[in-house]
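# Results of the structural survey
Take a look at the letters that make up each chain.
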Amino acid sequence: MASSLSIHESSVPLDYTRAGKHLDNAIAFLMLGGASLILMVAFIIVSIPQVLMRDEVRSMLQELSGVTLFFVVLLSYPHFAWSYRFAYQQGIAFVARHSWQLIVYPLLVITLLSCCVLSWNYPIHNFALLNVIENNLQYVGINLNWSLYKGCGQLLFASLLILQMVMSGHHYCMQALGVALAGGEERGYTLTATQKKILRVNLYTLWAMNLFSGYAFFSMLNNRNFAYHTFQLPQPLYVISCVAFAGSLSLVFLKILLPAFREEKKLPPLQAVVPILSIWIWLQPFLQPYMYQFLVVPIAHGAQNLFFAYKVESNNFDPILSRKLVKSSIGKAIFLISLTAIMISIGYMGFHTIPLFLDRSRLIADLTPNFFFLAAFILISTHHYLLDSVVWRSDSRAKIVLQPASSSI
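Residues numbered from 1 in each chain as written. Predicted model: local features only at pLDDT ≥ 70, side-chain atom pairs only at ≥ 80, totals over all residues. Heavy atoms only, no water.

Of regular secondary structure, the protein possesses 15 helices and 0 strands. Each of the 409 residues in the protein was classed as buried or not, and the buried ones make up 42%. If you take every contact in the protein between residues at least 6 apart in sequence, the share linking residues at least 24 apart comes to 80%. Summing over all exposed atoms, the protein offers an accessible surface of approximately 21,500 Å²; the carbon and sulfur share of this is 70%. (Helix = DSSP H or I, 4+ residues; strand = E, 2+ residues; numbered from the N terminus. Buried < 20%, exposed > 50% of the residue type's maximum accessible area, 1.4 Å probe, protein only. Contact = heavy atoms within 4.5 Å. Areas by Shrake-Rupley, 256 points an atom, 1.4 Å probe, with all protein chains shown as cover.)

Its 14 residues place the ends of helix H10 (residues 270-283) 20 Å apart at the C-alpha level, agreeing with the 20 Å of an ideal helix rising 1.5 Å per residue. Counting buried positions along H10 yields 10 of 14 residues, so the element is predominantly enclosed. Three or more residues of H10 are buried, namely Gln-271, Ala-272, Val-274, Pro-275, Ile-276, Ser-278, Ile-279, Trp-280, Trp-282 and Leu-283. (Expected span 1.5 Å × (residues − 1).)

Within this structure, the stated rule accounts for 2 cavities of 30 Å³ or more. Within this model, the largest cavity holds a volume of roughly 120 Å³. Taken together, 13 residues line the largest cavity, and the ones lying closest to its centre are Met-165, Ser-168, Tyr-172, Gln-293 and Pro-298. Its boundaries defined by the atoms lining it, the second largest cavity holds a volume of some 40 Å³. Along the walls of the second largest cavity sit Leu-358, Asp-359, Arg-362, Leu-363, Ile-364, Leu-367, Thr-368, Pro-369 and Phe-372, which together make up its complete lining. Residue classes in the lining of the second largest cavity are distributed as 6 nonpolar, 1 polar and 2 charged. (1 Å grid on protein atoms, 1.4 Å probe; cavity = no way out; pocket = protein on both sides within 12 Å on 5 of 7 lines; lining within 4 Å. Points joined across faces, edges and corners; volume = space filled by probe spheres on them. Nonpolar A, V, L, I, M, F, W, Y, C, P; charged D, E, K, R; others polar.)

Over its 19 residues, helix H8 (residues 193-211) extends 27 Å from the first C-alpha to the last, a length consistent with the 27 Å expected when each residue adds 1.5 Å. Within H8, burial applies to Gln-195, Ile-198, Leu-199, Asn-202, Leu-203, Thr-205, Leu-206, Met-209 and Asn-210. End-on, the buried residues of H8 take up no more than an arc of 155 degrees, which puts them together on one face. Turned more than 90 degrees away from the buried face of H8, the exposed residues are Ala-193, Thr-194 and Lys-197. (Arc of directions from axis to C-beta.)

This part covers the nonpolar core. Residues Phe-157, Leu-206, Tyr-228 and Ile-279 are the most contacted members of the largest nonpolar core, which totals 60 residues. Broken down by element, this core gets its largest block of residues, 15 residues, from helix H7 (residues 152-186). Setting aside chain neighbours within four positions, we find Leu-206 in contact with Cys-173, Phe-245, Ile-279, Trp-280, Leu-283 and Gln-284. The next biggest cluster of nonpolar side chains, apart from the first, holds 36 residues, and it includes Ala-28, Val-179, Phe-307 and Val-312. (Core = buried A, V, L, I, M, F, W, Y, C linked by side-chain atoms within 4.5 Å.)

The subject of this paragraph is the packing of aromatic side chains. Applying the stated criterion across every chain, the model contains 21 aromatic pairs. Taken together, a centroid distance of 6.0 Å and an interplanar angle of 35 degrees make the contact between Trp-120 and Phe-226 tilted. Of this pair, Trp-120 sits in the loop between helix H5 (99-118) and helix H6 (128-138) while Phe-226 sits in the loop between H8 and helix H9 (235-264), placing them 106 residues apart in sequence. Across this residue pair, the class does not change: Trp-120 and Phe-226 are buried. With 5.7 Å between their ring centres and 80 degrees between their planes, Phe-157 and Phe-226 make a pair best called edge-to-face. Remark: Phe-226 occurs in the loop between H8 and H9 and Phe-157 occurs in helix H7; sequence separation between them is 69 residues. Residue class for Phe-157 comes out buried when judged on its relative accessible area of 0%. A relative accessible area of 2% means that Phe-226 is categorised as buried. Across the ring face of Phe-317, the terminal group of Arg-397 is positioned such that the distance to the ring centre comes to 4.7 Å. (Phe/Tyr/Trp six-rings, centres within 6.5 Å; stacked < 30°, edge-to-face > 60°. Lys NZ or Arg CZ within 6 Å of the ring centre and 35° of its normal.)

Size it by volume and the largest pocket reaches roughly 1,500 Å³. Around the largest pocket, the lining is made up of 50 residues, and of these Thr-68, Met-291, Leu-295, Val-296 and Ile-299 lie nearest the centre. Only helix H1 (2-46), helix H3 (55-88), H7, helix H11 (292-314), helix H13 (329-361) and helix H14 (371-391) provide two or more residues apiece to the lining of the largest pocket. If one sorts the elements of the lining of the largest pocket by residue count, H3 sits on top with 14 residues. Along the lines of polarity and charge, the residues of the lining of the largest pocket split into 38 nonpolar, 12 polar and no charged. The volume enclosed by the second largest pocket comes to roughly 910 Å³. Looking at the lining of the second largest pocket element by element, the count peaks at 12 residues for H7.

So, about the pattern of salt bridges. Tallied over the full model, the rule gives 3 salt bridges. Two residues, Arg-97 and Asp-395, come together in a salt bridge whose shortest N-O distance is 3.1 Å. You can see Arg-97 sitting in helix H4 (residues 92-97) and its partner Asp-395 sitting in the loop between H14 and helix H15 (397-401), a full 298 residues away along the chain. We note a salt bridge from Lys-311 to Glu-186, for which the minimum N-O separation is 2.6 Å. (Salt bridge = Lys/Arg side-chain N within 4 Å of Asp/Glu carboxyl O.)

Here we take up unusual backbone geometry. Here the phi dihedral of Asn-145 falls at roughly 60 degrees; this positive angle occurs in a residue that is not glycine. Secondary-structure assignment places Asn-145 in the loop between H6 and H7. Asn-145 gets classed as buried once you look at its relative accessible area, which sits at 12%. Not every positive phi belongs to a glycine, and Asn-316 is a case in point at roughly 65 degrees. With respect to the helices, strands and loops of the structure, Asn-316 is situated in the loop between H11 and helix H12 (319-325). The partly exposed category is assigned to Asn-316, whose relative accessible area is 32%.

Function-wise, these values are silent; they only describe arrangement.
If you want it as structure tokens, here you go:
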């Protein structure tokens, strides 16, 4: 009787624990990149002409535009705000140690954006050096298309957009690598130094393929006041990057996946696989449905970042504030919900409310109508990439409190 009673008593919490683990695993899968993989399949299906031309499908896509904004506000905007919290709320000494990333860089970008405004319609041909550089590079197959811009400020603005995309590709790759390594280590799956190097090389070749694509999707920003002109790099460089990626991909399978399967008769945990598989899909140039890389990828990247931001907050990033406000599990949940609402508000104000107010005020009539919106996107996004490179270093409190958590993915 005693043994049967103990079995009965233990079965309920065991079932509850298993259900909780399944829920945690599902959330981790979706936030670490799984949702973006599902959306890629959906985007491919919808892009089929026979499907896209159906009235109900086009009506559904129009309704989904509002849903996209909801997820941008919920997942993308706050992850930027959390980077600022983790970077600037660690004391003056931390800020001083990383003054280039935390002080100098944002001032530099603000200066460059100001130069865009001041020289928006200043003729390109007045800078003979730009024409000389463009003409000479054409001899080696590099066509920058600088002379097609109407003004120096527009050229500088387009260059800052390109800078943002170049930095984002590197940032996405390095975050995916860090997330994959952390996810594997949580489940006892650790790569050797050589395997880590192979995976890093693979992601750099992926980044190169994305760079050589020229970011033609920026043409959707074109209007009567501004037009983006895609730069063209030598085609052999693109081919070489594709071959290099294919070679590094082969090494990933031969040196990482195959040994794990041979030695342990199992593949790496999904929490290590999903981030890498997702970044392959995000940045590959071969199949990019309309708006996928422009909208879905930043949202998915934000979800990845938030997954670890919540872990940091759960481990008391700010111990003084946590001791005052969090005295129970319910208190911690209320604290995280309240903090999330604050981060969403800050992100929405920085990306949406303030820039749109400036755009609608038309302070300078000749500027592109969405100049301040895009300027905020460039400033906050690129600064965030540098902030994250600091936040997850060994001297950062965010990295110190981030302890491995058990996971069953």
